[in-house]
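# Breakdown of the fold
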Amino acid sequence: MKILHILEDYSSASGGIRTVVKSLNEKLNRNDEIKSYVISAAIDENEKVYKKIDTCRPWLYSSDWIKTIKTVVKEEDINVIHIHGVWMFPQYIAAKFAIKQGIPFILTPHGMYEPWLWSKGRIKKVLYFKIFTQPFFKKASIIHAITDNERKNLKKLFPKTKIGLIPNLIDVVDYYSSDSKIDKYILFVGRIDKKKGIDILIKSFARLKYNNLKLKIAGKYNDYKNELDKLTVDLDISNKVEFLGLIKGKVKEEVYKNAFVFVAPSHSEVIGMVNLEAAIYGTPVITTFQTGLNTKWNENGGMLINPNEEELFES
């Protein structure tokens with residue numbers, strides 16, 4: 001079997017989707033009977049995938065998408081197309097192509113249809129969904145849900161399409177460390193984005209009375225970081241908040257291991273992969289009910305709250 005993965009961003013900065021697709025691609029290629037290929041618009045330097053589409057246009061539009069997909073399908077004799085994400089041109093054109101060519105395709109929305117995200121730019125999203133993507137996505141061989149809540153939400157949008165439930169994979173080998181925590185800091189790792197509730201974390205942290213405790217925020221810098229910088233200044237805690245930028249590899253591993261607690265007060269995630277990573281490193285995790293974790297998380301070394309300042313502070 002030969003599988004082609006289509007996604008808009010395969011770079012380290014993209015967060016959880018890249019983590020999952022990268023692991024999936026690598027594991028599939030370890031099977032002698034399966035070959036897996038990736039096409040994306042953003043790829044880290046030296047990353048070994050099939051093809052990068054060079055485009056920075058709105059909607060990630062480029063005629064190279066269809067040309068490249070056609071070429072890969074023909075040259076590699078692709079049997080299945082796996083589409084990751086839902087809102088950009090690559091996913092739209094890949095589904096349209098698969099239907100036209102009679103190639104089975106899988107759609108994994110990765111939480112992009114979750115309720116909180118519909119509330120942002122709702123009119124545009126509803127129109128785009130109804131006019132452009134629903135007519136094609138509903139013809140998927142299967143739509144992949146990562147959690148049971150996502151499965152229920154997807155069933156409302158695609159009542160006649162088969163919805164399969166498979167949790168995200170995560171490799172636990174070589175992760176866990178029993179080393180004692182040597183530093184005193186609260187940690188956040190992820191995209192610097194309003195959806196992640198970082199402002200809630202900063203405001204709650206500012207109310208703490210522990211002088212030796214610091215807050216470390218890891219994620220690729222963008223314009224929203226400027227707002228967060230200003231917030232730390234306004235709250236007079238800029239000397240206690242450290243932005244680490246994008247961290248990877250051993251650096252990321254050590255930051256996870258040494259954190260006093262990991263906090264991810266996100267407004268919406270299909271499944272918060274960073275929460276699982278932190279837990280694997282033996283770090284306690286405070287996150288939200290909206291990150292897709294089973295409610296038993298509260299009984300297993302972690303804590304679930306709603307994404308607001310009061311609940312986070314009290315936790």
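See the structure above.
Let me begin by describing the structure that accompanies this report. (Residues numbered from 1 in each chain as written. Predicted model: local features only at pLDDT ≥ 70, side-chain atom pairs only at ≥ 80, totals over all residues. Heavy atoms only, no water.)

## With respect to the packing of aromatic side chains
What the rule picks out here adds up to 19 aromatic pairs. Ring geometry for Trp59 and Phe132: centres 6.1 Å apart, planes at 65 degrees, overall edge-to-face. Highlighted residues: Trp59 in the loop between strand 3 (51-52) and helix 2 (64-76) and Phe132 in helix 5 (residues 122-137), separated in sequence by 73 residues. By relative accessible area, which is 30% here, Trp59 ends up partly exposed. Residue class for Phe132 comes out partly exposed when judged on its relative accessible area of 34%. Ring plane angle 65 degrees and centroid distance 4.7 Å describe the contact between Tyr61 and Phe89, whose orientation is recorded as edge-to-face. A residue pair is termed long-range when its members are at least 10 positions apart, and Tyr61 in the loop between strand 3 and helix 2 and Phe89 in helix 3 (residues 89-101) qualify at 28 residues. Look at Tyr61 and you get partly exposed, because its relative accessible area is 33%. Overall, the relative accessible area of 7% leaves Phe89 in the buried class. (Phe/Tyr/Trp six-rings, centres within 6.5 Å; stacked < 30°, edge-to-face > 60°. Helix = DSSP H or I, 4+ residues; strand = E, 2+ residues; numbered from the N terminus. Buried < 20%, exposed > 50% of the residue type's maximum accessible area, 1.4 Å probe, protein only.)

## Concerning the pattern of salt bridges
Going through the model one piece at a time under the given rule, you end up with 16 salt bridges. Salt-bridge contacts for Asp44 lead to Arg18; the nearest nitrogen and oxygen are separated by 3.3 Å. Within this pair, whereas Asp44 is found in the loop between strand 2 (35-40) and strand 3, its partner Arg18 is found in helix 1 (residues 16-28), the two being separated by 26 residues in sequence. Arg151 serves as the salt-bridge partner of Asp148, at 2.8 Å between the closest nitrogen and oxygen. Placement of the pair is Asp148 and Arg151 together in helix 6 (residues 148-157), with a separation of three residues, close to one helical turn. A relative accessible area of 31% means that Asp148 is categorised as partly exposed. Residue class for Arg151 comes out partly exposed when judged on its relative accessible area of 28%. Ionic contacts of the salt-bridge type, sharing partners, join the residues Arg18, Lys22, Glu26, Asp44 and Glu47 into one network. (Salt bridge = Lys/Arg side-chain N within 4 Å of Asp/Glu carboxyl O.)

## Quick notes on the sheet that holds strand 1 (residues 2-6)
Spatially, seven strands are ordered 3-2-1-4-5-6-7 in an open sheet, and the strand pairing comes out parallel. The sheet is open, and its two edges are formed by strand 3 and strand 7 (163-165), each paired on a single side. Pairing of strand 6 (residues 142-145) with strand 7 involves three bridges; the strand directions are parallel. Note on strand 7: the bridge partner recorded for Ala145 is Leu165. Along the sheet, helix 3 makes contact with strand 1, strand 4 (80-84) and strand 5 (105-108), crossing strand 4 at roughly 155 degrees. Helix 6 contacts strand 6 and strand 7 of the sheet and is inclined by roughly 140 degrees relative to strand 6. (Pairing = 2+ DSSP bridges. Contact = heavy atoms within 4.5 Å. Axes fitted to C-alpha atoms, helices over the stretch in contact; angles between N-to-C directions.)

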